[in-house]
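Spelled out, the chains give:
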Amino acid sequence: MNAQDFHKAHRAPQAGPKAKKKKDRDKKKRNVEVSKKGKNPKAFTFASVVRAKKTQQRNQDRAHRKEHAPMAIRLGAEPPPFFVAVVGPKGVGKSLLIKCLVRHYTKQSIQETTGPITIVSGKKRRVTLFECPCEINAMCDVAKVADLVLLLIDAHFGFEMEIFEFLNILKTHGFPKVIGVLTHLDKFKKMQQVKEAKKSLKHRFWTEICDGAKLFYLSGLINGKYPKREILNLARFISVTKFRPLKWRNSHGCIVADRWEDITEESLLDENPKADRKICFYGYVRGTAIKPTQKLHVLGVGDFSIRAVDVLPDPCPLPGTEKKKKLRKLSEKERLIYAPFADVGNVLYDKDATYINLRPRQVLYSSRQDILIPGQKEGEEEEEENDKVAPALDGKDKEVIKASSIPKVLESEKDLGEGQMMVKKLQKNRVDMEEEINAEDIKLFADTEAVLDAGDNDNNNKKEEE
């Protein structure tokens, strides 16, 4: 074979400086102007007509999907707290999640999560947390009221029937915002299993809600609670989430009762236990306004006529705006919580009165005998025979203070209110349990003699001290 058979034909350069010079020479021969600086096609016009048309059509479609019919927000000047429903099957961790959120917002620990729990989550926002029972009737009621749904999913087990039932109920009343929360991730032994479970559950959650729906992960428990960082991320998202008004809710007013009270007269109930009753419901009005002339539907009972609708002071108000210094965080006094069914709040508002629950530790004032009067030294005694003697609070102390030396009204008592003075006057000195037991006789039977007399107890105590 000849060497000429292996040579390839010469290929002229299509790009590069030589090819550019050759194109310029060809343009000069054809009397075409050659620009020293090339024009940018994107700066003046589109490069492709077809691509430009597709891009414009896509942008218009995206903008049209975001358009909604304008709806008036009928919440008034001061809107009610946003209703956050915690929904999920049994044993998934609903109560623990509410306890952790309350602990994060208010720095208080609660033992029960019964009923609505209203807390102040920010300077301009309040949130009502509610644990939805695993019942079809309760799910229907919560779907009508909820502004935000925290849907708890057991990652180790997967989606259960209660989750699909609740999602179908939501579609009938207008779909509110739904946030998924995966729990029980600590049951997986390998990290690869955790990654696969997160990925599969996330795509399944997106098919049920929408693409890009928010999903949080609670990795496990630390000292019986969820990690603080994960609760912080969830709480921040709840605090800044925006809610769009729903059509069905804007045309239907409702009240989620924080508590209720039976005000029926006892004389009527004594005569007829099945007589018609008068019940007061306390709660925030949600949706649209409620008129006194319209009928009220009590869930599971029926329709009833409203006798009166009154406006009461807000038990969980927003923090005041009149402040000299604007703080980024809420102070401890502003972190309020109102949960009558959970037995957390100490203030109850009724139609005619306000009840304050004072615990024994908060009511114990110092007795008047223990207060040191100005000008009097400790242990000082006056030698007057007619003066009456008042014993000290502690029975073991032998020192006494003359009752005549104590004025009727002390300086520290002048600023006290009428209620505090009444409590202070009614307060009695409590006796220790040991003293009560020592003062009584111990009998095996009611008709027999005492096995151990009160004097024997005192003698035994003296021997032990010796």
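Overview of the structure. All values reported here derive from a predicted model rather than from experimental measurement. (Residues numbered from 1 in each chain as written. Predicted model: local features only at pLDDT ≥ 70, side-chain atom pairs only at ≥ 80, totals over all residues. Heavy atoms only, no water.)

## Describing the overall build of the chain
Each helix and strand counted, the chain has 14 helices and 15 strands in total. Buried residues in the chain amount to 28% of all 466 residues. By sequence separation, contacts in the chain at least 24 residues apart represent 67% of the contacts at least 6 residues apart. Surface exposure of the chain reaches about 35,400 Å², of which carbon and sulfur atoms provide 52%. (Helix = DSSP H or I, 4+ residues; strand = E, 2+ residues; numbered from the N terminus. Buried < 20%, exposed > 50% of the residue type's maximum accessible area, 1.4 Å probe, protein only. Contact = heavy atoms within 4.5 Å. Areas by Shrake-Rupley, 256 points an atom, 1.4 Å probe, with all protein chains shown as cover.)

## Overview of a nonpolar patch on the surface
A cluster of nonpolar side chains, contributed by Trp260, Ile279, Phe281, Leu296 and Phe341, occupies part of the molecular surface with about 470 Å² of accessible area. Take Trp260: it is sitting in strand E7 (residues 254-262). (Patch = residues over 30% accessible without salt bridge, like charges linked within 9 Å, V, L, I, M, F, W, Y side chains within 5 Å. Salt bridge = Lys/Arg side-chain N within 4 Å of Asp/Glu carboxyl O.)

## Observations regarding the sheet that holds strand E3 (residues 126-131)
Strand order in the open sheet made by the seven strands is E6-E5-E4-E1-E3-E2-E11, with mixed pairing throughout. The open sheet is flanked by strand E6 (215-217) and strand E11 (337-338), the only strands paired with a single partner. Sheet topology note: the strand E5 (residues 177-183)/E6 ladder contains three bridges and is parallel. In the sheet register, Leu182 faces E6, and the bridge partner there is Tyr217. (Pairing = 2+ DSSP bridges.)

## Here's the deal with the pairing of strand E2 (residues 117-120)
Burial along E2 is two-sided: the face carrying Ile117 and Ile119 and the face carrying Thr118 and Val120 are both buried. Bridge analysis of E2 against E3 gives four bridges, and the strand direction is antiparallel. Bridge pairing in E3 places Ile117 opposite Leu129. Hairpin connection from E2 to E3: five residues lie between these consecutive antiparallel strands.

## Structural notes on helix H7 (residues 191-208)
For an α-helix, 3.6 residues make a turn, and residues three or four places apart therefore share a direction. Look at H7: 26 Å from first C-alpha to last across 18 residues, which is about the 26 Å you get at 1.5 Å a residue. Those residues of H7 that are buried are in contact with strand E4 (148-154), E5 and E6. (Expected span 1.5 Å × (residues − 1).)

## Some words on the packing of aromatic side chains
Under the defined criterion, the tally for this structure stands at four aromatic pairs. Positioned above the aromatic ring of Tyr217, the side-chain terminus of Lys198 is 4.6 Å from the ring centre. (Phe/Tyr/Trp six-rings, centres within 6.5 Å; stacked < 30°, edge-to-face > 60°. Lys NZ or Arg CZ within 6 Å of the ring centre and 35° of its normal.)

## Details of the pattern of salt bridges
Applying the stated criterion across every chain, the model contains four salt bridges. Where Arg249 meets Asp147, a salt bridge forms, and the shortest distance between an N and an O atom there is 2.8 Å. On the criterion of sequence distance, the pair formed by Arg249 in helix H9 (residues 247-250) and Asp147 in the loop between helix H5 (136-145) and E4 is long-range, its members being 102 residues apart. Each member of the pair, Arg249 as well as Asp147, is classed as buried. Where Asp262 meets Arg277, a salt bridge forms, and the shortest distance between an N and an O atom there is 2.9 Å. With Asp262 in strand E7 and Arg277 in the loop between helix H10 (266-271) and strand E8 (279-286), this pair connects stretches of sequence that are 15 residues apart.

## A short note on the packing of helix H4 (residues 94-106) against helix H8 (residues 228-240)
H8 packs onto H4 with a crossing angle of 75° between their chain directions and a minimal axis gap of 10 Å. One element, H4, and the other, H8, form an angle in the roughly perpendicular class. Only Ile231, Leu232, Leu234, Ala235, Ile238 and Ser239 of H8 make contact with H4, whose side of the interface consists of Leu97, Cys100, Leu101, His104 and Tyr105. Class assignment for the residues of the contact of H4 with H8 results in nine nonpolar, two polar and no charged. (Axes fitted to C-alpha atoms, helices over the stretch in contact; angles between N-to-C directions. Parallel < 35°, antiparallel > 145°, perpendicular 65-115°, else oblique. Nonpolar A, V, L, I, M, F, W, Y, C, P; charged D, E, K, R; others polar.)

## Quick notes on H5
Every buried residue of H5 is listed here: Ala138, Met139, Val142, Ala143 and Val145. Seen end-on, H5 carries its buried residues on one side only, within an arc spanning 165°. Packed against the buried residues of H5 are strand E1 (82-87), E3, helix H6 (161-172), H9, E7 and E8. (Arc of directions from axis to C-beta.)

## Regarding the nonpolar core
In terms of nonpolar packing, the biggest core is built from 32 residues, with Phe83, Val87, Val142, Leu151, Phe166 and Phe205 touching the most fellow members. Within the residue set of this core, elements represented by two or more residues are E1, H5, E4, H6, E5 and H7. When near neighbours in sequence (up to four residues on either side) are disregarded, Val142 contacts Ala85, Phe130, Cys132 and Phe166. (Core = buried A, V, L, I, M, F, W, Y, C linked by side-chain atoms within 4.5 Å.)

## Some words on the side chain of Thr106
Topologically, Thr106 is positioned in helix H4. A relative accessible area of 5% means that Thr106 is categorised as buried. In contact with Thr106, other than residues within four places in its own chain, are Ile119, Arg335, Leu336 and Ile337.

## Notes on the pairing of strand E10 (residues 302-305)
Two elements, strand E9 (residues 295-298) and E10, share four bridges in a ladder whose sense is antiparallel. Pairing of Leu296 across the sheet is with Phe304, part of E10. Here E9 folds back onto E10 in antiparallel fashion, the turn holding three residues, of which Gly300 has a positive phi close to 80°.

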